[in-house]
Amino acid sequence: RRIRHSLKTTDASRAEELRAHTEKRAWDVHMYGPGVVMTFEEAALAYANDGGEARYLVRISEQLSGITLAHGVTLARITPQVIRAAAKKAFKKGTAPSTINRQGIVPARAVINYAHAQGWCAPIKVAKFAEIKPKKKAVGDEYITALKPYLDDRMFACVLFIHTTGRRIGEA
């Protein structure tokens, strides 16, 4: 297969080096598949160009660039532990686990699974960090009483029924 593109250099030795790199990349894709040479950054760019949410990809992509290659980590080398470590490193100490999950792990997992759908790599399952869910406190009778002036009689009766019986809105 002939590959024709500019290497954007006038230095003969640099041009030969870039030619050899391009040839090696083409052989690797042919022999082992695109996941061996495609980086996370390239997959993230393709994901964003295909309509994926790019809002949180920059932070995780910065962490995954430069890990193993000059241009970033290849898809074949990304493991769940690599993604968890990169997500943890992308946020300062004390960031809530829910934020790390939502802005780090979920976008990275979406890019990898998008790449899998394109046939570039295997799918991945990454465990989220344990989230601390706050305890919900029920409102008291004084809250319901304070609500009465703002509701008509039928709506107040419905709210009172839900509050006293523990029914769901759909049941009421």
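Here's a quick rundown of the structure. Just so you know, these numbers come straight off a predicted model, no measurement behind them.

**Remarks on the pattern of salt bridges**
Overall, the coordinates contain three salt bridges when judged by the stated rule. For the salt bridge of E16 with R19, the shortest nitrogen-to-oxygen distance reads 2.5 Å. Of the two residues, E16 and R19 both sit in helix α1 (residues 12–32), three residues apart, roughly one turn of that helix. Look at E16 and you get partly exposed, because its relative accessible area is 41%. With a closest N to O distance of 2.4 Å, R19 and E23 form a salt bridge. Residue R19 and its partner E23 are both found in helix α1; the two are separated by four residues, about one turn of the helix. Since its relative accessible area comes to 38%, E23 is described here as partly exposed.

**Brief notes about the environment of I78**
Within the secondary structure layout, I78 lies in the loop between α3 (57–64) and α4 (80–90). Exposure remark for I78: the relative accessible area of 8% places this residue in the buried category. For the pair I78 and A20, spaced 58 residues apart in the sequence, the C-alpha separation amounts to 25 Å. Not counting chain neighbours up to four residues away, the residues in contact with I78 comprise F40, V73, I83, I112 and I124.

**Side note on a nonpolar patch on the surface**
Among the surface-exposed residues, W27, M31, Y32 and V36 lie close enough to one another that they form a single nonpolar patch of about 470 Å² accessible area. Following the sequence through the fold, W27 ends up in helix α1.

Rules behind the numbers
Residues numbered from 1 in each chain as written. Predicted model: local features only at pLDDT ≥ 70, side-chain atom pairs only at ≥ 80, totals over all residues. Heavy atoms only, no water. Salt bridge = Lys/Arg side-chain N within 4 Å of Asp/Glu carboxyl O. Helix = DSSP H or I, 4+ residues; strand = E, 2+ residues; numbered from the N terminus. Buried < 20%, exposed > 50% of the residue type's maximum accessible area, 1.4 Å probe, protein only. Contact = heavy atoms within 4.5 Å. Patch = residues over 30% accessible without salt bridge, like charges linked within 9 Å, V, L, I, M, F, W, Y side chains within 5 Å. Areas by Shrake-Rupley, 256 points an atom, 1.4 Å probe, with all protein chains shown as cover.

Functional significance is not addressed by these values, which are geometric in nature.
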